[in-house]
Amino acid sequence: MSNRGRPPLYSDPVLLEAKIDQYFDSLEDGDSPTVAELCFELGFSHRSALLEYEKKPEFSSAVKRARLRIEIDRSKKLLSKEFPTAGVIFDLTNNHGWKNPQHMKHSQDEDGGPVQYQRVERVIIDTAD
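What counts as what
- Residues numbered from 1 in each chain as written.
- Predicted model: local features only at pLDDT ≥ 70, side-chain atom pairs only at ≥ 80, totals over all residues.
- Heavy atoms only, no water.
- pLDDT = per-residue confidence, 0-100.
- Helix = DSSP H or I, 4+ residues; strand = E, 2+ residues; numbered from the N terminus.
- Polar contact = N/O pair within 3.5 Å; in protein donor to acceptor, adjacent residues only side chain to side chain.
- Buried < 20%, exposed > 50% of the residue type's maximum accessible area, 1.4 Å probe, protein only.
- Core = buried A, V, L, I, M, F, W, Y, C linked by side-chain atoms within 4.5 Å.

Caption draft 1: Region of interest: the confidence of the model for the protein. Counting all residues, the mean pLDDT for the protein is 83, and 77% of those residues have values of 70 or more. When mean pLDDT is compared element by element in the protein, helix H1 (residues 13-26) scores highest at 97, while strand E4 (residues 125-126) scores lowest at 56.

Structure, rendered in structure tokens:
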């Protein structure tokens, strides 16, 4: 029998939640929480470790709440003129499951000319559960 992988860093959901709260409490005014920094402060070597904990029923709520706190920060920044929108959108799409679809309308002349493309709308959709 061989041991597979390292033992988990957290076996107690209360301890993980306390460490998450400690991270948010340590932020100074004006600092933005990030998924990467949260993972680092929790002792993980990659952000996928946080996602693995989210899959475990006993840890799921604590991780989802932490990610939601970060998402709230980003969605507020999305409405503010003080922050670059592109960066906030990038974070929301890559770390929080938001989608940024572009709907295209295409048509072709009756004489068989080139296909014409026109962007119809561009929206951000929150697809998180």
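Caption draft 2: Representation of the side chain of Glu71 within the structure. Within the element layout of this structure, Glu71 appears in helix H4 (residues 57-78). Polar contacts involving the side chain of Glu71 include one to the side chain of Trp98, which spans 2.6 Å.

Caption draft 3: Inspection of the side chain of Asp73 at higher detail. Along the polypeptide, Asp73 turns up in helix H4. The buried category is assigned to Asp73, whose relative accessible area is 18%.

Caption draft 4: Spotlight on the nonpolar core. The biggest cluster of nonpolar side chains holds 18 residues, and the ones touching the most others in it are Leu16, Ile20, Leu38, Leu42 and Leu50. Of all the secondary structure elements, the ones that give two or more residues to this core are H1, helix H2 (35-42), helix H3 (48-55) and H4. Top element by residues in this core is H4. It accounts for five residues.

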